[in-house]
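# Understanding the architecture of this molecule
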Amino acid sequence: MPELPEVETVMRGLAPLLLGRRLLWVEARRGDLRWPLPEGLGPRLAGARVTALGRRGKYGLIHTDRREVLILHLGMSGRIRLDPPALGPHDHVVLATETGARLVVHDPRRFGAIDLVGASDLDRHRWLAHLGPEPLDPALAPDHLARAAAGRRVAVKALLMDQRVLAGIGNIYASEALFRAGIAPGRACRRISAVRFIRLQQALGEVLTESIAAGGSSLRDHAQISGALGDYQLHLRVYGRAGLPCPSCGAPVRRSRIGGRSSFHCPRCQR
DNA sequence: CACGATACCTGTAAGC
DNA sequence: TGCTTACAGGTATCGT
């Protein structure tokens, strides 16, 4: 499920359930996701009050009054289930709140990860320390991408998905932003002008903002805590639409493989 | 250093 | 119907 807009949607959905509330107990039902769960997760969180919720790139952040932060990454298949009627084999962590809600971290592929760290160490955490800036930060320089791309030989789509360049862009929104900017995903960065990169960065901001407003994209999973589906997938113009007509010119959308990931683009509109 | 390939894990859908 | 294969929203790590 989760790129930046989906993680943002999840954290917003968690706010009314968690913000200002105490956690009664937390249970890890297995010792690891992608990596081992932190030592003493349950005891360290039991009784703690949630003071803030946030997001950095694709990582969700839950701050507590014990000056610790739960870092949550949903990987490819992770999601949060609210009050499921029963727990299954892929329900790995359960958080129970003082109001009786049970939040379940569900992740069949277990590419996700969880850690719990001191708040003062957050920026130095190995998952966060090397992340690039937030694409929706109003203070982001309009030519950030253009500068990061200068002289690079990588395909522009691979650059967009490099979390050290910008945090939170994944396979869907990289394809969508490139379509809007009219840039072919396989084009080498150094063969794209600064002006076009500025346009790409703008397109990226638009796509992300629109998706968040729609509750994210629900491809295989629910994006929202409430169980409601985000419906930005209905607005996707090229992602997952191989062979279907380009919404702009009607030419069939082409699927290719860049950096090992499926890419979608219109060969006529994107150069 | 920059980049591509591979590995991790399970479920689902397509192909034969 | 059943078996096999390819692929899925991510990221760390290992080659070249």
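Attention here is on the structure that accompanies the text. Predicted model, so just to flag it, every value in this text is computed and none were measured. (Residues numbered from 1 in each chain as written. Chains lettered and ligands numbered in written order. Predicted model: local features only at pLDDT ≥ 70, side-chain atom pairs only at ≥ 80, totals over all residues. Heavy atoms only, no water.)

For helix H5 (residues 171-181), a buried count of 11 out of 11 residues is recorded, marking the element as mostly surrounded by other parts of the structure. What H5 keeps buried is the set Asn171, Ile172, Tyr173, Ala174, Ser175, Glu176, Ala177, Leu178, Phe179, Arg180 and Ala181. Those residues of H5 that are buried are in contact with helix H1 (4-18), helix H4 (156-160), helix H6 (194-214) and strand E10 (261-265). Among the residues trailing H5, Gly182 stands out with phi positive, at a value near 70°. (Buried < 20%, exposed > 50% of the residue type's maximum accessible area, 1.4 Å probe, protein only. Helix = DSSP H or I, 4+ residues; strand = E, 2+ residues; numbered from the N terminus. Contact = heavy atoms within 4.5 Å.)

Moving on: empty space enclosed by the protein. Scanning the model with the defined rule gives 1 cavity of 30 Å³ or more in all. Here the largest cavity defines a volume of roughly 90 Å³. Surrounding the largest cavity, 14 residues form its lining, Ile62, Leu70, Leu72, Leu95 and Val105 being those nearest its centre. Secondary structure elements with two or more residues in the lining of the largest cavity: H1, helix H2 (41-45), strand E4 (68-73), strand E6 (91-97) and strand E7 (102-106). Broken down by class, the residue content of the lining of the largest cavity amounts to 14 nonpolar, no polar and no charged. (1 Å grid on protein atoms, 1.4 Å probe; cavity = no way out; pocket = protein on both sides within 12 Å on 5 of 7 lines; lining within 4 Å. Points joined across faces, edges and corners; volume = space filled by probe spheres on them. Nonpolar A, V, L, I, M, F, W, Y, C, P; charged D, E, K, R; others polar.)

We now examine the sheet that holds strand E2 (residues 50-56). In spatial order, the strands read E2-E3-E4-E8; together these 4 strands make up an open sheet with antiparallel pairing. Taken across any chain shown, the strands that pair with only one partner, and hence form the sheet edges, are E2 and strand E8 (113-118). If you compare each strand with its neighbour and ignore which way they point, the axes differ by 20° on average. Pairing of E2 with strand E3 (residues 59-64) involves 6 bridges; the strand directions are antiparallel. The residue bridging Val50 from the neighbouring strand is Thr64, located in E3. (Pairing = 2+ DSSP bridges. Axes fitted to C-alpha atoms, helices over the stretch in contact; angles between N-to-C directions.)

All right, on to the layout of surface pockets then. A water-sized probe rolled over the atoms picks out the places where empty space is left. Empty space within the largest pocket amounts to approximately 1100 Å³. When contributions to the lining of the largest pocket are tallied by element, the ones reaching two or more residues are H5 and E10. Considering only residue class, the lining of the largest pocket consists of 15 nonpolar, 10 polar and 9 charged.

All right, on to the packing of H1 against H6 then. Remark: H1 packs on H6, axes separated minimally by 9 Å, with the N-to-C direction vectors making an angle of 35°. The handedness of the crossing between H1 and H6 is right-handed. Contact residues: Leu4, Pro5, Glu6, Glu8, Thr9 and Arg12 in H1; Leu208, Ser211 and Ile212 in H6. Within the contact of H1 with H6, the residues separate by chemical class into 4 nonpolar, 2 polar and 3 charged. (Left-handed = near helix turned anticlockwise from the far one by under 90°.)

Time to look at H1. Here H1 is 15 residues long and its end C-alpha atoms lie 20 Å apart, about the 21 Å a rise of 1.5 Å per residue gives. For H1, every residue scored as buried is listed here: Leu4, Pro5, Glu6, Val7, Glu8, Thr9, Val10, Met11, Leu14, Leu17 and Leu18. Positioned one or two residues after H1, Gly20 has a phi angle of 80°, which is positive. (Expected span 1.5 Å × (residues − 1).)

From the geometry alone we can't say anything about function, so treat these as descriptive.
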